[in-house]
Amino acid sequence: MKKRLGVLAGVFFAVAAMSGFAGEAFAAEEMETLNVAMLGTDIKTACVILANELGYYEEEGLEVNFEKVSSLPEGLTAVSTGKLDVLPYGVIPSCSFVSQGTDVVVFGGTISEGSEAIVKAENKDTFKEAEDFKGKKIGCFRMETGHMVMKGWLREAGLDIEKDVEFIYLDSQASIMEAVLKGEVDLGFVNSGYGYIAKQSGAEVEFAVGDYVSDFPCCRQTTSRDALENKKDALVKFETAVLRAYDVYMNDHETTVDKLTAYSGQEEAYVEAIMYGAEDYDNAMIISLDPNKNKVVDFYEIMKANGDIDASTPYDMADFVDTSVYETALNTLIQRDGENEIYQQLMEEFKENNN
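Residues numbered from 1 in each chain as written. Predicted model: local features only at pLDDT ≥ 70, side-chain atom pairs only at ≥ 80, totals over all residues. Heavy atoms only, no water.

## With respect to helix H11 (residues 232-251)
Each α-helix turn comprises 3.6 residues. Residues three or four places apart therefore point the same way. End to end, H11 covers 29 Å across 20 residues, agreeing with the expected 28 Å (1.5 Å per residue, within 8%). Burial analysis of H11 places 16 of its 20 residues in the buried class, which makes it a mostly covered element. (Helix = DSSP H or I, 4+ residues; strand = E, 2+ residues; numbered from the N terminus. Expected span 1.5 Å × (residues − 1). Buried < 20%, exposed > 50% of the residue type's maximum accessible area, 1.4 Å probe, protein only.)

Quick look at the structure:
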């Protein structure tokens, strides 16, 4: 951020900050560019979308190009080879790629938790303790974080996850819901608000995985080591804009729902439910932009213990999480608006999550 000379410029900055348009006042003189992978019109990257819809990237001096990818591995491969700069989805592929020696770096978050378990309505309130899972068939899909976390929880509770529980991998959340409703599995893990859809189809949400293991990482923001080193200023601008969008998400539900409804083409009730919850649905997703190094490293170890990645990998996940981009962006916003309680709270959480 460059200082501008003169009293009038200083007054302009003060007025801009108070009026809520601080981004325009602090926009860099030279635009930088980032290419960001997006999966269709999925809105779990809510703050990434909002920052674009509200013009915050441009105000921060950044041009963001959204590039559609068909899968998380495709997106992360594009990031690792420099074809794209950021993948704001998934933690499983990031950990998997790192375990194999690919030099990608988690630098921010998108959501935490976000996973929920569904059952047939008649089986509601069946799963309470670890023993309740014994002998059960559980539907899941490989790129879903919650079932991996629950594997770890069940193992720590004394169950043999290879013998006591049968995990059945299906190809989609719709397939999992269908298997639950047909009684082919006893429980199914879904995410990204799919529990809301399942309820509309006659299933019930049995629990959120966060009820058992809190604040586990779901989607992260991942870049390449090369982009981190050579495009760091652009990444900070990106994070600054996304954090400003988080402030909108927290304080302006109407704008958030309107923008995400228009972007996704989904019904307003659906967007409201998965972003903020509804009368008969507790949203499982927690919007969280913090890189949360501690939890990402913990999850990497869970994947190793589960056999999801090679337990003998020589690569330490702690070496592939950068906290400086997020911290710099957050400090930038605190300097602009020191009275903003949300940014102050985020900084306190950052210190706890990344020590």
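## Brief notes about the side chain of Glu144
Tracing the backbone shows Glu144 in the loop between strand E6 (137-140) and helix H7 (145-156). Only 2.6 Å separates the side chain of Glu144 from the side chain of Ser115, close enough to count as a polar contact. If sequence neighbours within four positions are ignored, Glu144 has contacts with Ile92, Ser115, Phe189, Val190 and Asn191. (Polar contact = N/O pair within 3.5 Å; in protein donor to acceptor, adjacent residues only side chain to side chain. Contact = heavy atoms within 4.5 Å.)

## Quick look at helix H5 (residues 72-80)
Leu72, Gly75, Leu76, Ala78 and Val79 are the residues of H5 that are buried. Looking down the long axis of H5, one finds its buried residues gathered within 155° of arc, a one-sided arrangement. Gly82 lies just past H5 and shows a positive phi near 85°. (Arc of directions from axis to C-beta.)

## Looking at the sheet that holds E6
An order of E7-E6-E8-E5-E9 is seen for the 5 strands of this open sheet, with the pairing classed as mixed. The outermost strands of the open sheet, each flanked by one partner alone, are strand E7 (166-169) and strand E9 (203-208). With strand direction ignored, the average angle separating the axes of adjacent strands in the sheet is 30°. Pairing between strand E5 (residues 115-120) and E9: 5 bridges, direction antiparallel. (Pairing = 2+ DSSP bridges. Axes fitted to C-alpha atoms, helices over the stretch in contact; angles between N-to-C directions.)

## Here we look at the pairing of strand E8 (residues 187-191)
As a general feature of sheets, a regular strand has side chains that alternate between the two faces. In terms of burial, E8 is largely enclosed, as 5 of its 5 residues are buried. The side-chain alternation of E8 yields two buried faces, one formed by Leu187, Phe189 and Asn191 and the other by Gly188 and Val190. Strand direction decides the pairing type here: E5 and E8, joined by 4 bridges, are antiparallel. Looking at the pairing, Ile118 lines up with Gly188 of E8.

## Observations concerning the packing of aromatic side chains
In this structure the tally under the stated criterion is 14 aromatic pairs. Aromatic pair Phe189 and Phe207: ring centres 6.2 Å apart, planes at 70°, arrangement edge-to-face. Placement of the pair is Phe189 in strand E8 and Phe207 in strand E9, with a sequence separation of 18 residues. Between the aromatic rings of Tyr196 and Tyr281, the centroid separation amounts to 5.6 Å while the plane-to-plane angle is 70°, which identifies the pairing as edge-to-face. Here the residue Tyr196 occupies a position in helix H9 (residues 194-200), and Tyr281 occupies one in the loop between helix H13 (268-276) and strand E11 (285-287), the gap between them amounting to 85 residues. Side by side, Tyr196 and Tyr281 carry an identical accessibility label, which is buried. Through a chain of ring-to-ring contacts, three or more aromatic side chains come together here, namely Phe127, Phe133, Trp153, Phe189, Phe207 and Tyr212. The ring of Phe167 carries Lys151 above its face, with NZ or CZ at 5.0 Å from the centroid. (Phe/Tyr/Trp six-rings, centres within 6.5 Å; stacked < 30°, edge-to-face > 60°. Lys NZ or Arg CZ within 6 Å of the ring centre and 35° of its normal.)

## Thoughts on the nonpolar core
The biggest cluster of nonpolar side chains holds 115 residues, and the ones touching the most others in it are Phe133, Phe189, Phe238, Met275 and Met317. Looking at this core element by element, the count peaks at 11 residues for H11. Residues within four places of Phe133 in sequence aside, it is in contact with Phe127, Ile138, Met150, Trp153, Leu154, Leu159, Asp164, Val165, Leu187 and Phe207. (Core = buried A, V, L, I, M, F, W, Y, C linked by side-chain atoms within 4.5 Å.)

Treat this as a map of the structure, not an account of what it does.
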